Amino acid sequence: MLEKIKSHINQSLQSLKNENIIHLSSYLSHGKMLRSKLILAIAPNHPKVLELCAIIEMIQSASLLHDDVIDEATSRRGEASINAVFGNKNAIMLGDVFYSQAFYELLSFDIKIARSVAKCVVRLSSGEIDDVMMSNAFQSDERLYWRMISDKTASLIATSSECAAILEGLDFEKYKNYGENLGIAFQIVDDILDVFGDEKKLGKPAMSDFKEGKSTLPYLLLYEKLNNQDKQKLKSFFRQDGIEAREWILARMNENNIFDLAQKIARDYGQKALKAISKEKNEHLESIVNEMIFRQY
Ligand code: FPP
Ligand code: MG
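All figures in this text were calculated on a predicted structure; none of them were measured in a lab.

**Remarks on the overall build of the protein**
Within the protein one finds 15 helices and two strands. Here the protein has a C-alpha radius of gyration of 19 Å; the compact-globule value for 297 residues is 19 Å, and the two agree. The principal-axis extent of the C-alpha atoms belonging to the protein is close to 60 × 50 × 30 Å. When burial is assessed residue by residue, the protein has 50% of its 297 residues classed as buried. About 14600 Å² of surface is accessible on the protein, with carbon and sulfur atoms providing 51% of the total. Taking the average location of the 38 positive side-chain charges in the protein and that of its 42 negative ones, the two points are 2 Å from each other.

Here it is, written out as structure tokens:
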């Protein structure tokens, strides 16, 4: 099924009859396609399900193309990023093509679906603005972190579940709620893996968030536990690279059991997601939560 979605995206791009777009997009990889897996689990037999998956994946790709320019990232999913190979201008424009083509295809869907996706892209962009603003200095306000991850990550996961439920004629509020909580758990797991994960499995260098100016949950939890002197030291390592910073941070994280604390929070969000759809009896959606919580990359 996932292969069919990829070929749907290719067909959609082929229809633009522009060899530069085809060439640039041949360098993109699609990753785990979590959002499509959710849509397929909710509306598996709907005639427009592949089209909806392709739209959501194109928006996801557009946002990551732009995000890699913003973050000056040189790799994505273990491969060189488009901005690294073809420059920022091409990466931005390819993102715009994906984004606009997705909206063009969205026009053939129910207005409720189009509205949910359009609103979601506003949230994605707001979350990204928050992320950029927050990267100027270490910020210890957890509320900003929650708002940022909810907009930047959970929104598209929630919209994917909601739109699939609308397509299938189900109680879409429950599925949206499921997606929102799953999305938050997903981002926390990502933030945990950045600190404690295996670089080879992740396809990116370990502990890159803090160095890139992201004060993620493990750092916020750690900050709360440290004495004033160590709080200042942690702040002094913000946006810094180097073995001293990494070793010091990791030692403090381990002393303060930050892995367990953050994982408990991620699991609580996983539980909330499961509770939202407890009466729906959808085993696929249940196992997606568990796979996501226990993933290594
Ligand atoms: C990755 O964050 C970024 C996102 C999930 C969203 C980015 C959103 C935009 C750039 C808004 C524009 C949207 C469109 C559709 C054009 P990250 O940097 O924390 O994660 P990473 O480690 O995967 O890069
Ligand atoms: Mg990024």
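That was the structure; now back to the text.
**Brief notes about the side chain of threonine 159**
The topology assignment puts threonine 159 in helix H7 (residues 142–168). Since its relative accessible area comes to 6%, threonine 159 is described here as buried. Discounting chain neighbours no more than four positions away, the residues touching threonine 159 are Ser116, Val117 and Cys120.

**Brief notes about the side chain of asparagine 282**
Within the element layout of this structure, asparagine 282 appears in the loop between helix H14 (258–276) and helix H15 (283–293). Residues within four places of asparagine 282 in sequence aside, it is in contact with Ala41 and Ile42.

**Points about the pattern of salt bridges**
The tally for this structure, following the rule as stated, stands at 16 salt bridges. Notably, a salt bridge pairs aspartate 71 with lysine 214, separated by 3.4 Å at the nearest N-O pair. Of this pair, aspartate 71 sits in the loop between helix H4 (49–70) and strand S1 (75–76) while lysine 214 sits in the loop between helix H10 (208–211) and helix H11 (217–225), placing them 143 residues apart in sequence. By sharing partners, the salt bridges in this structure join Asp71, Asp131, Lys152 and Lys214 into a single network.

**So, unusual backbone geometry**
With a phi close to 50 degrees, asparagine 257 is a non-glycine residue in the positive phi region. Checked against the element boundaries, asparagine 257 lands in the loop between helix H13 (243–255) and H14. Even without a glycine there, the phi angle at lysine 281 is positive, about 50 degrees. Residue lysine 281 is classed as exposed on the basis of its relative accessible area, which comes to 68%.

**Description of the site of ligand 1**
Taken together, 14 residues sit near ligand 1, with Asp67, Asp71, Arg76, Lys152 and Lys214 positioned nearest. A distance of 2.9 Å separates an oxygen atom of ligand 1 from a polar side-chain atom of aspartate 67. Against a free-state accessible area of 640 Å², the protein chains account for coverage of 87% of ligand 1. Classifying every residue of the shell around ligand 1 by side-chain character gives four nonpolar, three polar and seven charged.

**Looking at the environment of lysine 231**
Mapped onto the elements, lysine 231 comes out in helix H12 (residues 228–236). Looking at lysine 231, the relative accessible area reads 17%, which means it is buried. In contact with lysine 231, other than residues within four places in its own chain, are Tyr223, Glu224 and Leu226.

**Description of the packing of aromatic side chains**
Aromatic rings in a pair are described by how distant their centres are and how their planes are angled relative to each other. A complete count under the given rule lists eleven aromatic pairs for this structure. Summarising the aromatic geometry, the rings of tyrosine 27 and phenylalanine 86 are spaced 4.9 Å apart at their centres and angled 85 degrees between planes, so their arrangement reads as edge-to-face. In this pair, tyrosine 27 is assigned in the loop between helix H2 (19–25) and helix H3 (34–42) and phenylalanine 86 in helix H5 (residues 82–106), connecting sequence segments 59 residues apart. Judged by its relative accessible area of 42%, tyrosine 27 is partly exposed.

What counts, and at which threshold
Residues numbered from 1 in each chain as written. Chains lettered and ligands numbered in written order. Predicted model: local features only at pLDDT ≥ 70, side-chain atom pairs only at ≥ 80, totals over all residues. Heavy atoms only, no water. Helix = DSSP H or I, 4+ residues; strand = E, 2+ residues; numbered from the N terminus. Rg over C-alpha atoms; globule rule 2.2 N^0.38 Å. Buried < 20%, exposed > 50% of the residue type's maximum accessible area, 1.4 Å probe, protein only. Areas by Shrake-Rupley, 256 points an atom, 1.4 Å probe, with all protein chains shown as cover. Lys, Arg positive; Asp, Glu negative; His and termini not counted. Charge placed at Lys NZ, Arg CZ, Asp CG, Glu CD. Contact = heavy atoms within 4.5 Å. Salt bridge = Lys/Arg side-chain N within 4 Å of Asp/Glu carboxyl O. Near = heavy atom within 4 Å. Polar contact = N/O pair within 3.5 Å; in protein donor to acceptor, adjacent residues only side chain to side chain. Nonpolar A, V, L, I, M, F, W, Y, C, P; charged D, E, K, R; others polar. Phe/Tyr/Trp six-rings, centres within 6.5 Å; stacked < 30°, edge-to-face > 60°.

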